[in-house]
Amino acid sequence: MLRFDYAHQTGDVPYGNINASTEWQTDHLYLTGNPNLRPWKQDRLMLALSMFNNKLTLISGYNNGKGFSTYITEEGAFQPGIYVTHPVNTENHDVTLLLGASLNLNPLKFWRVNLSTSVSWDKLNNAVGGIYYEGWKNRWQVSTSQNFVTLTYNFSRGKSVSHQQANSIISVNSDTRNR
């Protein structure tokens, strides 16, 4: 069986991130919102081919995300020594390519086993606060699940820029490994 999926997503901008009120954190740092934030957008394509009565599935995918937001901290233009943290949209165009395979086995009538692996390539092309980030990040994931237990191993290598919906300060990593 051949499956094709397309999804277009648009995210919400939380009210706290667009509210222009000021919240002092310390004597030298305050938080403020950004009323000019735009929602992030993402397009996703997925193609899957299931063979041998759904025992083997091959997957390929493409993801294109734009306009994620993050927090940056800058020195105030009119107040030297006073810093402001505020959310901004990244001027990005992140592309992810994915290839994967999944093997579904049923060795005993009550025991189901799923073995899957995937590899993805993320092309980063971000500009945040006038700083430009570009590079590739490769990820490889292997997982197995048996009825209700899942074990997963992730390995990533390359540059990464975090841009979760305005909830983290920018971090740049040149080599990341997680288990």
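Whatever comes next refers back to the structure up there.
Remember, it's a predicted structure, so these values are computed and weren't measured experimentally. (Residues numbered from 1 in each chain as written. Predicted model: local features only at pLDDT ≥ 70, side-chain atom pairs only at ≥ 80, totals over all residues. Heavy atoms only, no water.)

## Here we look at the overall build of the protein
In terms of helices and strands, the protein carries 1 helix and 13 strands. The order of α-helices and β-strands along the protein, N terminus first, is β-α-β-β-β-β-β-β-β-β-β-β-β-β. Counting across all 179 residues of the protein, residues that qualify as buried make up 31%. Contacts in the protein between residues far apart in sequence, at least 24 positions, make up 52% of those at least 6 positions apart. Surface summary for the protein: the accessible area is close to 11700 Å², and the carbon and sulfur share equals 58%. (Helix = DSSP H or I, 4+ residues; strand = E, 2+ residues; numbered from the N terminus. Buried < 20%, exposed > 50% of the residue type's maximum accessible area, 1.4 Å probe, protein only. Contact = heavy atoms within 4.5 Å. Areas by Shrake-Rupley, 256 points an atom, 1.4 Å probe, with all protein chains shown as cover.)

## Things to note about the side chain of T57
With respect to the helices, strands and loops of the structure, T57 is situated in strand β5 (residues 56–66). We classify T57 as buried; its relative accessible area is 8%. Reaching out from T57, the side chain makes a polar contact with the side chain of S50 at a distance of 3.4 Å. Apart from the residues within four sequence positions on either side, T57 is in contact with R3, A48, L49, S50, G100, A101, S102 and N104. (Polar contact = N/O pair within 3.5 Å; in protein donor to acceptor, adjacent residues only side chain to side chain.)

## Remarks on the pattern of salt bridges
Using the criterion set out here, one finds 1 salt bridge in the structure. Across the pair D122 and R139 runs a salt bridge, and its minimum N-O distance is 2.8 Å. You can see D122 sitting in strand β9 (residues 111–128) and its partner R139 sitting in strand β10 (residues 131–146), a full 17 residues away along the chain. By relative accessible area, R139 is classed as partly exposed at 36%. (Salt bridge = Lys/Arg side-chain N within 4 Å of Asp/Glu carboxyl O.)

## Let's talk about a nonpolar patch on the surface
Together, L2, F4, Y6, L45, L47, L49, L58, Y62, L97, L99, W121 and W136 make up a nonpolar patch on the protein surface, roughly 1100 Å² of accessible area in all. Counting residues per element, the ones that place at least two in the nonpolar patch are β1 (2–10), β4 (41–51), β5 and β8 (94–108). Here F4 shows up in strand β1. (Patch = residues over 30% accessible without salt bridge, like charges linked within 9 Å, V, L, I, M, F, W, Y side chains within 5 Å.)

## Here we look at the sheet that holds strand β3 (residues 29–32)
The mixed open sheet is built from 4 strands, whose spatial order is β2-β3-β7-β6. Two strands in the sheet have a free side with no partner beyond their single neighbour: β2 (22–24) and β6 (69–75). On average, each strand axis in the sheet is tilted by 30° relative to the strand beside it, whichever way the strands run. Strand direction decides the pairing type here: β3 and strand β7 (residues 83–89), joined by 3 bridges, are parallel. For L29, the partnering residue across the bridge sits in β7 and is Y83. (Pairing = 2+ DSSP bridges. Axes fitted to C-alpha atoms, helices over the stretch in contact; angles between N-to-C directions.)

## Focus: the packing of aromatic side chains
Tallying each qualifying case throughout the model produces 1 aromatic pair. Where W24 meets Y30, the ring centres are 4.8 Å apart and the plane angle is 50°; that geometry is what we call tilted. The exposure class assigned to W24 is partly exposed, which follows from its relative accessible area of 49%. When its relative accessible area of 16% is taken as the criterion, Y30 is described as buried. (Phe/Tyr/Trp six-rings, centres within 6.5 Å; stacked < 30°, edge-to-face > 60°.)

## A few points about unusual backbone geometry
One non-glycine residue with positive phi stands out, namely F52, at about 55°. With a phi close to 65°, N54 is a non-glycine residue in the positive phi region. With respect to the helices and strands, the residue N54 is situated in the loop between β4 and β5.

## As for the environment of P39
Note on placement: P39 falls in the loop between β3 and β4. Here the alpha-carbon distance between P39 and N89, two residues 50 residues apart in the chain, equals 8.5 Å. Setting aside anything within four residues of it in sequence, one finds P39 in contact with T10, G11, V13 and G67.

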